[in-house]
Amino acid sequence: MLSTEKLRVREKMAYASGDFASCIYWATFSSFLLIFYTDVFGITGKAAGTILLWSRILDGVNDPLIGALADRTTTRWGKFRPYLLWMCVPFALAGVLCFTTPNFDVVGKLGWAWITYNVLMLLYTAINIPYNAMLGVITADSIERTSVASYKFFFAFGAGLFVKFTLPFLSRYLGAGGTDLQRGYQLTFLIYGVVAVACFLIAFRYTTERVTPPKDQKTSVKRDLLDLATNGPWLILLGVTVAYILCVGTRDTISAYYIKYYLGTREVTLPFLGARTYGYEAFVAVFLGFGAFGSLLGVLMTNWIVRLIGKKVAFIVLLTGFILFFAAYNFIRPDQILTIFGLQLIGSIIGGPICVLLWAMYADTADFGEWKRGRRATGLIFSASTMAQKFGWAVCGKAAGDMLTLTGFIANASAQTPETLAGMKRMMSTLPAGFGLLAIVIFLFFPLGERKMAQIAADLKLRRGAGAY
């Protein structure tokens, strides 16, 4: 069935709840996993970075395989929705194991970390690839997809806000007031797992797949891969994605270290509260929470911005402003706390719509592929795209771990070397800004604007209605 009707808010919210579940874990991976491994689990930054590098590369390779499998899945629930039902409980259990610290020696811990993280990421791929592909089939309307993507990322950033405000305090509370953080993390992810399962089941129950491949399309992995490799707009977005992930991933990976060691514990004077001393838990919750809250506000503005200037122009303008706020951190002293938090909030508002636009444009490339070749492989489009993201995150985790080790970082040491602190500052400012600039340069070649997508949508509607495939 094909319908370009406006979707009900309930269905948009139900679909978006799946990203709340996914991003409970992704927000942890991006902001807390490396510091968990070094400061709680008890391995070196270099070892943790190596695990993240190779695990995410291996997991990225799995993405197209899961995407191709999902494209070939046929059930009474559709192609992609069933994976939310099948995978949610194993995924939640794997999360608990990943954040469990066994009483092993260093070699045993490395083995445990490698196995549990890889199992978790394999299950994450098996549920998240089909979930993301649903964005391309929940409606055939390009503008309506942007609206659905806005709901999706509102819930995604909401999950980030939830994790960044709760994880530091919840792990301390459940870990006997901070004396047993290993148990605190384990119990925290037991709670997170229950929340995630409930959200995935809501997404499964209250959504519908409406766009299907042409009826006479024959399944062929080789043909699907060839179509993907010759989809010019998708290739451009792939390059943009890698550069963008290197931009935000480098900064997200180092943020907790920047707050714990660069800002440290210090006295801050706040309106109505006066002068108080704040430490890591308070700073990280506010800093990362401001980022997630600002992103939420930005997402709410996405549809208005797109109607005003279109997706292509909006992407360039917003990403330019985003990286300028990143670069500003190179000139800020650690005692300028209010400035640091203010830039985090404003920069996140500007950056909030960027992911929405990026994923909506990926759905557009699926339409372009069908329009150009007469074939549709939505799962492969999105899975190969997430593969690029994971490769970018892999490089970020490895680079951050290696840079910390090379600059003399010592976990939980009250004083770090000037070289270590300078490295943290660069990874918060100039390095991500450079990657963001690269993303803009690549995106300038993206050809699918509003006029082109209107033509593609009209042509596809005629073909589907006439059975012209």
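Refer to the structure above for everything that follows.
Quick caveat, the model's predicted, so the values are computed rather than measured.

Side note on the side chain of Lys79
In step 1: If you trace the backbone, Lys79 turns up in the loop between α3 (45-71) and α4 (82-98).
In step 2: Only 2.6 Å separates the side chain of Lys79 from the backbone oxygen of Asp71, close enough to count as a polar contact.
In step 3: Excluding anything up to four places from it in sequence, Lys79 contacts Ala70, Asp71, Arg72, Thr73, Thr74, Glu209 and Pro213.

Describing the packing of helix α6 (residues 142-174) against helix α10 (residues 280-300)
In step 1: It is the contact of α6 with α10, at a shortest axis distance of 8 Å, that shows an interaxial angle of 170 degrees. Between α6 and α10, the angle falls in the class roughly antiparallel.
In step 2: Tallied by class, the residues present in the contact of α6 with α10 amount to 17 nonpolar, 5 polar and 3 charged.

Topic: the nonpolar core
In step 1: Among the nonpolar cores identified, the biggest contains 146 residues, and Tyr37, Tyr117, Tyr244, Tyr257, Phe315 and Leu319 are the most heavily contacted of them.
In step 2: Looking at this core element by element, the count peaks at 18 residues for helix α9 (residues 232-263).

Here we look at helix α8 (residues 221-229)
In step 1: Three or more residues of α8 are buried, namely Asp224, Asp227 and Leu228. The buried side chains of α8 occupy one side of the element, clustering within an arc of 100 degrees when seen end-on. Facing away from the buried side of α8 by over 90 degrees, the exposed positions are Lys222 and Leu226.
In step 2: Buried positions along α8 lie against α9, α13 (337-373) and α14 (378-406).

Quick notes on unusual backbone geometry
In step 1: Its identity is not glycine, yet Ala176 carries a phi of approximately 55 degrees, on the positive side.
In step 2: Tracing the backbone shows Ala176 in the loop between α6 and α7 (181-205).
In step 3: For Asn412, which is not glycine, the phi dihedral falls at a positive 65 degrees.
In step 4: Along the chain, the position of Asn412 falls in the loop between α14 and α15 (418-428).

A look at the packing of aromatic side chains
In step 1: Applying the stated rule across the entire model yields 38 aromatic pairs.
In step 2: Aromatic pair Trp77 and Phe204: ring centres 5.4 Å apart, planes at 80 degrees, arrangement edge-to-face. Residue Trp77 is located in the loop between α3 and α4, and its partner Phe204 is located in helix α7; the two are separated by 127 residues in the primary sequence.
In step 3: The interplanar angle of 15 degrees and the centroid separation of 5.4 Å between the aromatic rings of Phe443 and Phe446 together place this pair among those described as stacked.
In step 4: A relative accessible area of 1% places Phe443 in the buried class.
In step 5: When the ring centre of Phe41 is taken as origin, the NZ or CZ atom of Lys109, which lies over that ring, is 5.7 Å away.
In step 6: Geometry around Tyr329 places Arg251 over its ring, the cationic atom sitting 4.6 Å from the centre.

Remarks on the pattern of salt bridges
In step 1: Inspection of the entire model under this criterion finds 11 salt bridges.
In step 2: Put simply, Glu11 and Arg210 hold a salt bridge, and the shortest N to O gap is 2.9 Å. Of this pair, Glu11 sits in helix α1 (residues 9-31) while Arg210 sits in the loop between α7 and α8; the two residues are 199 residues apart in sequence, bridging distant segments of the chain.
In step 3: With a relative accessible area of 9%, Glu11 lands in the buried category.
In step 4: A salt bridge links Asp367 to Arg145; the shortest N-O distance between them is 2.5 Å. Of the two residues, Asp367 is situated in helix α13 and Arg145 in helix α6; the sequence distance between them amounts to 222 residues.

Each value, and the rule that gives it
Residues numbered from 1 in each chain as written. Predicted model: local features only at pLDDT ≥ 70, side-chain atom pairs only at ≥ 80, totals over all residues. Heavy atoms only, no water. Helix = DSSP H or I, 4+ residues; strand = E, 2+ residues; numbered from the N terminus. Polar contact = N/O pair within 3.5 Å; in protein donor to acceptor, adjacent residues only side chain to side chain. Contact = heavy atoms within 4.5 Å. Axes fitted to C-alpha atoms, helices over the stretch in contact; angles between N-to-C directions. Parallel < 35°, antiparallel > 145°, perpendicular 65-115°, else oblique. Nonpolar A, V, L, I, M, F, W, Y, C, P; charged D, E, K, R; others polar. Core = buried A, V, L, I, M, F, W, Y, C linked by side-chain atoms within 4.5 Å. Buried < 20%, exposed > 50% of the residue type's maximum accessible area, 1.4 Å probe, protein only. Arc of directions from axis to C-beta. Phe/Tyr/Trp six-rings, centres within 6.5 Å; stacked < 30°, edge-to-face > 60°. Lys NZ or Arg CZ within 6 Å of the ring centre and 35° of its normal. Salt bridge = Lys/Arg side-chain N within 4 Å of Asp/Glu carboxyl O.

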